[in-house]
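The lines below spell out each chain.
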Amino acid sequence: METPIKLYRNPKSGHCHRVQLMLSLLDLPYETVDLDMANGAHKAADYLRLSPLGQVPAIDDNGTTLSDSNAILIYLAEKYADSAVWLGSTPLERAHIQRWLSIAAGEIASGPAAARLVALFGANLDQAAAIAKAHTLFAAIESNLGESRFLATDRLTIADIAAYSYIAHAPEGGVSLSSYPKIREWLARIESTPRFVGMARSPVPVTS
């Protein structure tokens, strides 16, 4: 690698954190570029060349640019790691991992992530509905983790990386994890992984 990978981000974005976590777990040199999104830095012409939809995160890997957090996880695993470990070694493993990437972009985004957006950034979303959706999702994950140490396989994969950030920080959006011991154990397993790096914590409101 010629120079560190540049990670363009908002430091409180779980989408950005999942990429930073993957970079760190793979022990890849990287540098973060924090965008002043409040003043429209993510809509500036130079940034739109990296991320055409004006979203974070985006990376610049020595001239190779890519946006969308889940796409970046796949790219990093394919280019810099044993892809079978992170992306699945069998058709069924790969299918299970893809399912969790879809959940990360669907139920996690509209559940715990949306509730946190309201609490932290005042997003114009239905927080009560997002909290309810989060609890429905967490009940299903709790059951899933009763049979496995990780979400998609018996080892850490990008499924776990894609899901971790917004679940770990769900209490910041008013979603308590107190009823989900298996989820808390799963979070602890990820956090005990060598080179784990966390996302900055924000205040926790009264939970539901």
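Residues numbered from 1 in each chain as written. Predicted model: local features only at pLDDT ≥ 70, side-chain atom pairs only at ≥ 80, totals over all residues. Heavy atoms only, no water.

Okay, the overall build of the chain next. Looking only at helices and strands, one finds nine helices and four strands in the chain. Rg of the C-alpha trace for the chain: 17 Å, near the compact-globule value of 17 Å for 208 residues, within the 12% margin. Per-residue burial over the chain gives 47% buried out of 208 residues. Counting only contacts in the chain whose residues sit at least 6 apart along the sequence, the fraction spanning at least 24 positions is 67%. Accessible surface, the chain as shown: approximately 9500 Å² in total, 53% of it carbon and sulfur. (Helix = DSSP H or I, 4+ residues; strand = E, 2+ residues; numbered from the N terminus. Rg over C-alpha atoms; globule rule 2.2 N^0.38 Å. Buried < 20%, exposed > 50% of the residue type's maximum accessible area, 1.4 Å probe, protein only. Contact = heavy atoms within 4.5 Å. Areas by Shrake-Rupley, 256 points an atom, 1.4 Å probe, with all protein chains shown as cover.)

Taken in spatial order, the four strands make up an open sheet running β2-β1-β3-β4, and their pairing is mixed. Only two strands of the sheet have a single partner each, and these edge strands are β2 (30-34) and β4 (64-67). For this sheet, the mean angle separating the axes of adjacent strands, direction not counted, is 20°. With four bridges connecting them, strand β3 (residues 58-61) and β4 associate as antiparallel partners. Bridge assignment links isoleucine 59 to a residue of β4, and that residue is leucine 66. Running over the sheet, helix α3 (residues 69-80) touches β1 (5-9), β3 and β4 and is turned about 140° from β4. (Pairing = 2+ DSSP bridges. Axes fitted to C-alpha atoms, helices over the stretch in contact; angles between N-to-C directions.)

Enumeration according to the criterion identifies three aromatic pairs in this entry. A ring pair is formed by tyrosine 164 and phenylalanine 196, whose centres lie 5.5 Å apart and whose planes are at 80°; its orientation type is edge-to-face. Of the two residues, tyrosine 164 is situated in helix α8 (residues 158-168) and phenylalanine 196 in the segment after α9 (181-191); the sequence distance between them amounts to 32 residues. Overall, phenylalanine 196 belongs to the partly exposed group, its relative accessible area being 22%. Geometry around tryptophan 100 places arginine 99 over its ring, the cationic atom sitting 5.2 Å from the centre. Above the face of the phenylalanine 150 ring, arginine 189 is positioned so that its terminal group lies 5.8 Å from the ring centre. (Phe/Tyr/Trp six-rings, centres within 6.5 Å; stacked < 30°, edge-to-face > 60°. Lys NZ or Arg CZ within 6 Å of the ring centre and 35° of its normal.)

Taking 1.5 Å per residue, 12 residues should reach 16 Å; helix α1 (residues 14-25) reaches 16 Å between its end C-alpha atoms and fits that length. Buried residues dominate α1, accounting for 11 of its 12 residues. Here α1 has its buried residues at Gly14, Cys16, His17, Arg18, Val19, Gln20, Leu21, Met22, Leu23, Ser24 and Leu25. A side-chain oxygen of the first residue of α1 lies 3.2 Å from the backbone nitrogen of histidine 15; this N-cap is serine 13. One or two residues past the end of α1 sits aspartate 27, with phi positive at roughly 60°. (Expected span 1.5 Å × (residues − 1). Polar contact = N/O pair within 3.5 Å; in protein donor to acceptor, adjacent residues only side chain to side chain.)

Time to look at unusual backbone geometry. Of note, the bond from valine 56 into proline 57 is cis; its omega dihedral lies within 30 degrees of zero at 5°. For proline 57, the position within the fold is in the loop between α2 (45-48) and β3. The residue asparagine 62 is not glycine, and still its phi comes out positive at about 50°. Residue position: asparagine 62 is located in the loop between β3 and β4.

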